[in-house]
Amino acid sequence: MSSSRFSERLYQAAEPLWLKCHEHPFLTELSAGTLSTDRFIYYLKQDYVYLIDYAKLFAIGSVKARDVQTMAKFAELLHNTLNVEMELHRQYTEKFGVSREQLEQTVPSPTTVAYTKYLLDTAAHGSLAEVVAALLPCMWSYCEIGTAFAKRPGALDHPLYREWILMYSSEEFGELTEWCIGLMDKLAEGLPEAELSRLEERFIVASKLEYMFWDMAYRLEEWPV
């Protein structure tokens, strides 16, 4: 990745945060196959309700796009999230004894609310570039995690967690991520530093919320009152 690309600046800015994610016990235990199933079920349920709002970002991206090709790609991302990623969650939770009805009734945790509302606020009030900067850390970091885990000896041995790793290390998911990174670079071209700084801030806050999401799942976070 060339240093002249804005995405490289974002990656360098977020890398310490992403490394913290990789080192978090939720993910180290997931890759080792030792993560407790109650934590993974909690994660799947919270991620499911997160994805409902995350999918809306792609719909808003399609609305804010200025050409048909970008509109179509956002529509593809919307479809992929609603019908591939969320279906994986539905099938997964059934394997853990959680029905689809129970999944749909999941109450978002404080961290899930904070993350999704930050994304939707960005989408409502920001430019297309800001929307992409905010949604990109989730996709890009998952692609990195999935790819790294797929190469780790024994990580694919777990009968249930292996499917999660294969999903996010897949060629299809990698291609969608690369497209989003490329769009970020394209949208950042020629912008003044003040706007680039705003995009970087969106990216960093979303990256911090990614870490909080893993941590929330490990702690089985509940509303305090």
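Residues numbered from 1 in each chain as written. Predicted model: local features only at pLDDT ≥ 70, side-chain atom pairs only at ≥ 80, totals over all residues. Heavy atoms only, no water.

## Describing the packing of helix α1 (residues 6-23) against helix α2 (residues 25-32)
Taken N-terminus to C-terminus, the directions of α1 and α2 make an angle of 50 degrees; their axes are 5 Å apart at the nearest point. Taken as axis vectors, α1 and α2 run oblique relative to one another. Between α1, through Cys21, His22 and Glu23, and α2, the contact on the second element is made entirely by Pro25, Leu27 and Thr28. (Axes fitted to C-alpha atoms, helices over the stretch in contact; angles between N-to-C directions. Helix = DSSP H or I, 4+ residues; strand = E, 2+ residues; numbered from the N terminus. Parallel < 35°, antiparallel > 145°, perpendicular 65-115°, else oblique. Contact = heavy atoms within 4.5 Å.)

## Focus on the UniProt feature "active site" (unreviewed entry) in the protein chain
Feature annotation in UniProt places "active site" (unreviewed entry) on Glu210, given in this structure's numbering. Within the element layout of this structure, Glu210 appears in helix α10 (residues 193-219). Excluding residues within four positions of it along the chain, Glu210 makes contact with Cys21, Tyr50, Tyr115, Pro137, Cys138, Ser141 and Tyr142. (UniProt positions renumbered as here; feature names shortened; annotations may be inferred.)

## Digging into the confidence of the model for the protein chain
Across the protein chain, the average pLDDT comes to 94, with 99% of residues at or above 70. Looking over the protein chain, one finds the lowest element-wise mean pLDDT in helix α4 (residues 68-95), namely 90, and the highest in α10, namely 98. (pLDDT = per-residue confidence, 0-100.)

## With respect to α10
Between its first and last C-alpha atoms α10 spans 39 Å; for 27 residues at 1.5 Å apiece the expected length is 39 Å, and the two agree. At the C-terminal side of α10, Leu220 shows a positive phi close to 55 degrees. (Expected span 1.5 Å × (residues − 1).)

## Here we look at the pattern of salt bridges
Two side chains with opposite charge may pair up if their charged atoms get near one another. The tally for this structure, following the rule as stated, stands at 13 salt bridges. A salt bridge links Lys117 to Asp53, with the shortest nitrogen-to-oxygen separation between them at 3.3 Å. Residue Lys117 is located in helix α6 (residues 110-125), and its partner Asp53 is located in helix α3 (residues 37-64); the two are separated by 64 residues in the primary sequence. On the accessibility criterion, Lys117 (44% relative accessible area) is partly exposed. Glu163 serves as the salt-bridge partner of Lys95, at 2.4 Å between the closest nitrogen and oxygen. Separated by 68 residues along the polypeptide, Lys95 in helix α4 and Glu163 in helix α8 (residues 161-168) bring together distant segments of the chain. (Salt bridge = Lys/Arg side-chain N within 4 Å of Asp/Glu carboxyl O. Buried < 20%, exposed > 50% of the residue type's maximum accessible area, 1.4 Å probe, protein only.)

## Concerning α1
For an α-helix, 3.6 residues make a turn, and residues three or four places apart therefore share a direction. End to end, α1 covers 26 Å across 18 residues, agreeing with the expected 26 Å (1.5 Å per residue, within 8%). The largest bend in α1 is about 50 degrees, located at Glu15, with the proline Pro16 one to four residues further on. Burial in α1 covers these residues: Phe6, Ser7, Glu8, Leu10, Tyr11, Ala14, Trp18 and Cys21. On its buried face, α1 sits against α2, α7 (128-150), α9 (171-188) and α10. (Bend = angle between axes of the 7 residues up to and from the residue.)

## Examining the nonpolar core
Counting 74 residues, the largest nonpolar core has Phe26, Phe40, Tyr43, Tyr54 and Trp164 as the members making the most contacts within it. If we skip the residues at most four places from it in the chain, Tyr43 touches Phe26, Tyr142, Trp164, Phe213, Trp214 and Ala217. (Core = buried A, V, L, I, M, F, W, Y, C linked by side-chain atoms within 4.5 Å.)

## So, the packing of aromatic side chains
Two aromatic rings are characterised by how far apart their centres lie and by the angle between their planes. Scanning all chains against the criterion turns up 28 aromatic pairs. Taking 5.4 Å as the distance between ring centres and 25 degrees as the angle between the ring planes, the aromatic pair formed by Tyr50 and Tyr54 counts as stacked. Residue Tyr50 and its partner Tyr54 are both found in helix α3; the two are separated by four residues, about one turn of the helix. Both residues of the pair, Tyr50 and Tyr54, count as buried. With centroids separated by 5.4 Å and ring planes inclined at 85 degrees, the aromatic side chains of Phe74 and Trp179 adopt a geometry described as edge-to-face. Separated by 105 residues along the polypeptide, Phe74 in helix α4 and Trp179 in helix α9 bring together distant segments of the chain. On the basis of relative accessible area, Trp179 is assigned to the partly exposed category, the value being 23%. (Phe/Tyr/Trp six-rings, centres within 6.5 Å; stacked < 30°, edge-to-face > 60°.)

## Topic: unusual backbone geometry
One non-glycine residue, Leu220, lies in positive phi territory at about 55 degrees. With respect to the helices, strands and loops of the structure, Leu220 is situated in the segment after α10. In this structure Leu220 comes out as partly exposed when scored by relative accessible area, which is 30%.

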